[in-house]
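Topology and contacts: notes
In case you want the letters, here they are:
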There are 2 protein chains.
Amino acid sequence: MAGAAGPGRSGRPTLAVVGATGAVGTVMLQILSQRADVWGEIRLIASPRSAGRKLAVRGEEAEVVALTEEAFDGVDVAMFDVPDEVAERWAPVAAARGAVVVDNSGAFRMDPEVPLVVPEVNPHAVRRRPRGIVANPNCTTLSMIVALGALHAEFGLRELVVSSYQAVSGAGHAGVRTLREQLSLVAGTELGTRPGDVRRAVGDNTGPFPEPVALNVVPWAGSLREDGWSSEEMKVRDETRKILGLPHLPVAVTCVRVPVVTTHSLTVHARFEGEVTVDKAREILATAPGVVLFDNPAAGEFPTPADVVGTDPTWVGRVRRALDDPTALELFVCGDNLRKGAALNTAQVAELVVVEQ
Amino acid sequence: MAGAAGPGRSGRPTLAVVGATGAVGTVMLQILSQRADVWGEIRLIASPRSAGRKLAVRGEEAEVVALTEEAFDGVDVAMFDVPDEVAERWAPVAAARGAVVVDNSGAFRMDPEVPLVVPEVNPHAVRRRPRGIVANPNCTTLSMIVALGALHAEFGLRELVVSSYQAVSGAGHAGVRTLREQLSLVAGTELGTRPGDVRRAVGDNTGPFPEPVALNVVPWAGSLREDGWSSEEMKVRDETRKILGLPHLPVAVTCVRVPVVTTHSLTVHARFEGEVTVDKAREILATAPGVVLFDNPAAGEFPTPADVVGTDPTWVGRVRRALDDPTALELFVCGDNLRKGAALNTAQVAELVVVEQ
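Residues numbered from 1 in each chain as written. Chains lettered and ligands numbered in written order. Predicted model: local features only at pLDDT ≥ 70, side-chain atom pairs only at ≥ 80, totals over all residues. Heavy atoms only, no water.

**Points about the overall build of chain A**
- Secondary structure assignment for chain A yields 9 helices and 14 strands.
- Against the compact-globule benchmark of 21 Å for 357 residues, chain A has a radius of gyration of 21 Å, which places it among compact chains.
- Expressed along its principal axes, the backbone C-alpha trace of chain A runs to roughly 60 × 50 × 40 Å.
- By the burial criterion, 63% of the 357 residues in chain A qualify as buried. (Helix = DSSP H or I, 4+ residues; strand = E, 2+ residues; numbered from the N terminus. Rg over C-alpha atoms; globule rule 2.2 N^0.38 Å. Buried < 20%, exposed > 50% of the residue type's maximum accessible area, 1.4 Å probe, protein only.)

**So, empty space enclosed by the protein**
- Using the criterion set out here, one finds 6 cavities of 30 Å³ or more in the structure.
- Put simply, the largest cavity is a space of about 110 Å³.
- As for the largest cavity, its lining consists of 20 residues, and the residues nearest its centre are A:Val161, A:Ser163, A:Thr267, B:Val161 and B:Ser163.
- Mapped onto the lining of the largest cavity, the elements with two or more residues apiece are strand E9 (157–165), strand E10 (251–254) and strand E11 (264–272) of chain A together with strand E9 (157–165), strand E10 (251–254) and strand E11 (264–272) of chain B.
- Residues belonging to the lining of the largest cavity are distributed by class as follows: 10 nonpolar, 8 polar and 2 charged. (1 Å grid on protein atoms, 1.4 Å probe; cavity = no way out; pocket = protein on both sides within 12 Å on 5 of 7 lines; lining within 4 Å. Points joined across faces, edges and corners; volume = space filled by probe spheres on them. Nonpolar A, V, L, I, M, F, W, Y, C, P; charged D, E, K, R; others polar.)

**Some details on the interface of chain B and chain A**
- In this complex, chain B contributes 75 residues to the contact, which on the side of chain A involves 75 residues.
- Between chain B and chain A, roughly 5,800 Å² of surface is buried when both sides are summed, and carbon and sulfur atoms account for 61% of that area.
- Of all residues in chain B, the largest losses of buried area upon contact with chain A belong to B:Tyr165, B:Leu323 and B:Asp324, amounting jointly to 10% of the total for that side.
- Summed over the shared surface of chain B and chain A, the result is 12 salt bridges.
- Taking the shortest distance from any N to any O, the salt bridge between A:Arg318 and B:Glu233 comes out at 2.7 Å.
- Joining chain B to chain A, the criterion identifies 36 residue pairs in polar contact (both at pLDDT 80 or more).
- Broken down by class, the residue content of the side of chain B that touches chain A amounts to 38 nonpolar, 20 polar and 17 charged. (Contact = heavy atoms within 4.5 Å. Buried area = accessible area lost by both parts, 1.4 Å probe. Salt bridge = Lys/Arg side-chain N within 4 Å of Asp/Glu carboxyl O. Polar contact = N/O pair within 3.5 Å; in protein donor to acceptor, adjacent residues only side chain to side chain.)

**Details of the packing of aromatic side chains**
- On inspection of all chains with the given rule, the structure shows 11 aromatic pairs over all chains.
- Seen from their ring centres, A:Phe72 and A:Phe80 are 5.8 Å apart, and the 5° between their planes marks the pair as stacked. As far as burial versus exposure is concerned, A:Phe72 and A:Phe80 are alike and both buried.
- When the centroid spacing of 4.0 Å and the interplanar angle of 15° are considered together, the rings of A:Tyr165 and B:Tyr165 count as stacked. With one member in each of two chains, A:Tyr165 in strand E9 and B:Tyr165 in strand E9 form a pair that bridges those chains. Assigned by exposure class, A:Tyr165 and B:Tyr165 land together as buried.
- Three or more aromatic residues link up through ring pairs in this structure, and these residues are A:Tyr165, A:Phe332, B:Tyr165 and B:Phe332.
- Lying across the ring of B:Trp229, A:Arg320 places its NZ or CZ 4.5 Å from the centre. (Phe/Tyr/Trp six-rings, centres within 6.5 Å; stacked < 30°, edge-to-face > 60°. Lys NZ or Arg CZ within 6 Å of the ring centre and 35° of its normal.)

**Comments concerning the UniProt feature "binding site: NADP(+)" (unreviewed entry) in chain A**
All names here are of chain A.
- Summarizing the sequence annotation, UniProt attributes the feature "binding site: NADP(+)" (unreviewed entry) to Thr 21, Gly 22, Ala 23, Val 24, Arg 49, Ser 50, Ser 169, Gly 170 and Asn 337 in the numbering used throughout. Taken along the chain, the residues just named run across 317 residues; in space they spread out, the farthest C-alpha pair reaching 26.2 Å.
- When you line up the elements, Gly 22 lands in the loop between strand E1 (15–18) and helix H1 (23–34).
- Look at Gly 22 and you get partly exposed, because its relative accessible area is 23%.
- Summarising the element assignment, Val 24 is placed in helix H1.
- Take Val 24: its relative accessible area is 11%, and that puts it in the buried class. (UniProt positions renumbered as here; feature names shortened; annotations may be inferred.)

**What about the sheet that holds strand E14 (residues 328–335) of chain A?**
Residues and elements named next belong to chain A.
- Strand order in the open sheet formed by 6 strands is E10-E9-E11-E14-E13-E12, and the pairing between neighbours is mixed. Looking along the sheet, the strands with just one partner apiece sit at the ends: E10 and strand E12 (291–293). Taken over all neighbouring pairs, the strand axes of this sheet differ in orientation by 25° on average, direction set aside.
- The sheet contact formed by E9 and E11 spans 8 bridges and is antiparallel. Bridge pairing in E11 links Glu 159 to Arg 271. (Pairing = 2+ DSSP bridges. Axes fitted to C-alpha atoms, helices over the stretch in contact; angles between N-to-C directions.)

Following this line, the structure appears as structure tokens:
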């Protein structure tokens, strides 16, 4: 098995990265190279067509091996970032071979036998994993949940109204490529002022999106669920409820794609059990692990994707108390959807599994 | 006075367009050339530095005259699109000369002696104008208010939570130029994946915006008001209340700039007095004047700025009932911020003034 177990790492647990060549997988390898190193061998696994490729992790080259049952032999923890149907098939295989699976797909998140874990919010949940699988939340949920969890712990959350400004890398390499190709077609033109002019310039080149995303915003992410809701919107609602342990929390969500490469933003209207103050909210956010409070509009300080991309924390700005409801707060939240929104949280959960064992 | 009164127009009222050379003024002239023609002379007025320029309106060339007291002689209705401080000074001058002013600045909107009018929602309000001034709402309010007004008339609005996706032309020609220049700097690059890389590429070229807007979203519009609110957010709240005649309506707003040239979008969470149904809401929206219901996600139908730009109506899609509250609806709304959001509504109000006289 072609893995990368450097000197001095014997006796440490073996980690597998499944989906190592994808948009999230690529960031997983960067993150594994940056964090305190708890792993022995790191084994890179991908589809057979990527097998044999060499990728760098922890400053060493490792060869990608094909996804097979045997690939999980000796693996202690396997981080999965693959499509739902691949996870559905292969996560139980890895678990049966003795690995604890930390899965970033949507396949297991709402399974009552699978914990859905954000280390800053519900770390203890990782212990009870009867299927040997731990789920990682959706990137949109993850981009806000650390900040919300901290506020909930103090104030008690009673209702959420959320709108997203989602980056194209949420749709993988293809999403990024599509935006870049579309930008090349519209930059330097007068497009964006006549009905359909962007659509005509872009033609069929909409990639994974239903509409052009350059010079546009698209109120759709995922697939169609009942009553006009998108799967992405349902995920934000259902996962937020599960992570916070509030199964009846009212959550209203509209998910919108924007022409940003990486980093999801969200506006959050959060209503709590009693009266809140901005001062107390700011004190909580300023000290919460994994949160950066960046909120001084007088000095032009509020988070934007251009500054947040590539960083680990959840950035929070525009903290205001609702003018007409002393129990509600307004926030603007940014999180790198490939890092905390996917690869980082998966890596944190994988480490938690090892520490808790 | 250099005006444009074509043949057969004698006896009709004289219209002045003040701020004729701006982003909104340009669209005003297009709209005046497209709508049923009720005007005699159309007089184009702008700052002295634009005087003498020739602009086309109704297929004829008209020379821009400088903004002076005498420029309003013989004017029946004057449409203003100028900065607040210019409107503050000159709207009363025009009114004193006998013109009814329809002002698109923020100077008079909350003046109790000045009606704030959207012809589809509160047309009768135009009649009582003791100062001789009628105000036109802010473009963000206008991009949603026609749809909301129709739903309010049936269901009775009780609360609003709104997030905006605002186009750069809301900041005028300079906003559009800034986005286009920034797009030329980022297109064809790998930017958007490292902290600050877009900011470094753009440099000081942020124009009227506090942060880069290409490959970014910026949670700020307008100036800082008390408790961290932006002036744009306060406008949406205060103007919505005034237009709908609901002075105590709870309205929570977060305004965000997006890299779209023209057409504002909004997510709307609207709570009503009693239970609502999606079927009834769709029936109302499908028949409301000035509204297009475009809502069939199964067929990929929802409004986006790329399709809505250049059109007159308010487009509504993603109509859903809140999953956890039978009295609330979720909507995604798009409106061309230069047309219905500014020039079109101003022209409609000007026509209403003439018809009601």
